[in-house]
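Observations on the model geometry
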Amino acid sequence: MTKEFKTCLVGDIGGTNVRLAVADLSDGTPKLGAPKSLPHAGVARFEDVVDRYLKDLGNGMPDAIVVAVAGPIKDGEVRLTNGQWSISEKSLRAKGFGFARLINDYAALGYAVEHLKGDDLAPVGGNQPGIPGETVGVLGAGTGLGVAALVRDAHASSVMVTEGGHIAYAPVDEVEFEILKVLRTRFCRVSVERLLSGPGLANIHWALAQIGGIKADPLTPEEISRRAAAKTDQLCVDALDRFCGVYGRYAGDMALAFGARGGIYLGGGIAPKLLVQLNGGTFRRCFEDKGRFVGYVSIIPTKVIVHPFASLLGSAEAALRSLADLRG
């Protein structure tokens, strides 16, 4: 008989912190307890972060563990993009967890869709109805550009993780064609991620300076956003508006690609910080700019995930599904 797993340690490994919580799985709806964010700088192993968290919690070893990571997972192992840690499901089981699984960070957001509602989501560009129960696309600009979807039909749902952030950037007007031309001097191939990410915002700023013959100091994405919000630097204002336009148009393309009539949800670290700018009109106008298919996308809601532990909820949902499979 398969062991009944009632508690699961859920994790989300970000660029600077590890978020951990214990999920109660006993009634089929995950409930997060004791969520905590811990820095991982200088920590030799992920397992050491787990040990510290569980020691501070003082409640013993949860039955299972599911961790969301940014990086390719192969045969239950991952080496994080920053190269700091290598993690394996085998090593986690060796710590005493009865079940261990590593999942992609955008898979976690896809799974979280089932549990996000109300104030967990901030609307962008209105409150379009969408079609309840249909597919939801999840994408997000952050360090890179993640893309996934919770694919639904009348009988079931499943998470699809893609490398959609690496499709080619498609300009639509003269300025964007010039941006592409400039960025090709820096990158031999210009993917959408070269524009839709933190470094991507800096790339847009740099390209616009080159196009306009403007001598501009290199700026961080945070400084570009700050100056744009304060309207103290027109180049930053233009760069951020262009970023929102590319973001909206790409989100609309993904809505078409996935048939995501249930909605497009924006994750990642950037969107929650740019709610005012994303609601400025450019994002939604470009989202709906789909020619003959404007009617198709105009009913699709666009929302920003603002739940602080959405990935942990998703990891808990992934645990529920995996354990259900084990029980057969």
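Residues numbered from 1 in each chain as written. Predicted model: local features only at pLDDT ≥ 70, side-chain atom pairs only at ≥ 80, totals over all residues. Heavy atoms only, no water.

**A few points about the packing of helix α4 (residues 174–183) against helix α5 (residues 198–212)**
Operational definition: Note on definitions: angles span 0 to 180 degrees between N-to-C directions of axes, and those axes are lines fitted to C-alpha atoms, for helices only across the stretch in contact. Secondary structure follows DSSP: runs of H or I at least 4 residues long count as helices, runs of E at least 2 residues long count as strands, and numbering of each begins at the N terminus. Orientation labels follow simple angle bins: below 35 degrees gives roughly parallel, above 145 gives roughly antiparallel, 65 to 115 gives roughly perpendicular, and whatever is left gives oblique. Any two residues whose heavy atoms approach within 4.5 Å are treated as being in contact. Residue polarity is assigned by list, with Asp, Glu, Lys and Arg as charged and Ala, Val, Leu, Ile, Met, Phe, Trp, Tyr, Cys and Pro as nonpolar; anything else, Gly included, falls into the polar class.
At a minimum axis distance of 9 Å, the contact between α4 and α5 shows a crossing angle of 100°. As summarised for this structure, α4 and α5 are arranged roughly perpendicular, according to the angle between their axes. Touching V175, E178, I179, V182 and L183 of α4 are N203, W206, A207, L208, Q210 and I211, all from α5. In terms of residue class, the contact of α4 with α5 is made up of 8 nonpolar, 2 polar and 1 charged.

**So, the pairing of strand β10 (residues 145–152)**
Put simply, the test is: Buried means the residue's accessible area, taken with a 1.4 Å probe over protein chains only, is under 20% of the maximum for its type, while exposed means over 50%, and partly exposed covers the values in between. What makes two strands pair is DSSP finding at least two bridges between them.
Here β10 lies mainly inside the structure; 6 of its 8 residues are buried. With 6 bridges joining them, strand β9 (residues 136–141) and β10 adopt antiparallel strand pairing. Looking at the pairing, V138 lines up with A148 of β10. Where β9 folds back on β10, the antiparallel hairpin that results is connected by 3 residues. Sheet topology note: the β10/strand β11 (residues 157–162) ladder contains 6 bridges and is antiparallel. Across the sheet, the residue bridging to A148 is V161, located in β11.

**Side note on the sheet that holds β9**
With mixed pairing, 6 strands are arranged side by side in an open sheet as β8-β13-β12-β9-β10-β11. Each end of this open sheet is capped by a strand with a single partner; those strands are β8 (121–123) and β11. Within this sheet the neighbouring strands show an average axis-to-axis angle of 25°, counted without direction. Helix-sheet contacts for helix α3 (residues 105–112) involve β9, β10, β11 and β13 (302–305), and the interaxial angle to β9 is about 140°.

**Some details on the layout of surface pockets**
The condition is simple: A pocket, in this scheme, is an open set of points on a 1 Å grid over the protein atoms alone with protein on both sides within 12 Å along at least 5 of 7 lines, while a cavity is a set where a 1.4 Å probe fits but cannot get out; residues line either one if an atom lies within 4 Å of a point. Grid points are joined across faces, edges and corners, and a volume is the space filled by probe spheres set on the points.
Here the second largest pocket is characterised by a volume of approximately 240 Å³. What lines the second largest pocket is A228, A229, K231, V237, L240, D241, V276, Q277, G280, G281 and T282. Listing elements by their share of the lining of the second largest pocket, those giving two or more residues are α6 (221–230), α7 (234–258) and α8 (275–278).

**Here's the deal with the sheet that holds strand β1 (residues 7–13)**
Taken in spatial order, the 5 strands of this open sheet run β3-β2-β1-β4-β7, and their pairing is mixed. Each of the sheet's edge strands pairs with one partner strand only, and the pair in question is β3 (31–39) and β7 (99–104). Averaged over all adjacent pairs, the angle separating strand axes in this sheet is 15°, with direction ignored. Pairing of β1 with strand β4 (residues 64–69), which is carried by 5 bridges, proceeds in the parallel orientation. Counted as the bridge partner of G11 is V67 from β4. Against the sheet, α3 contacts β4 and β7, and its axis sits at roughly 100° relative to β7.

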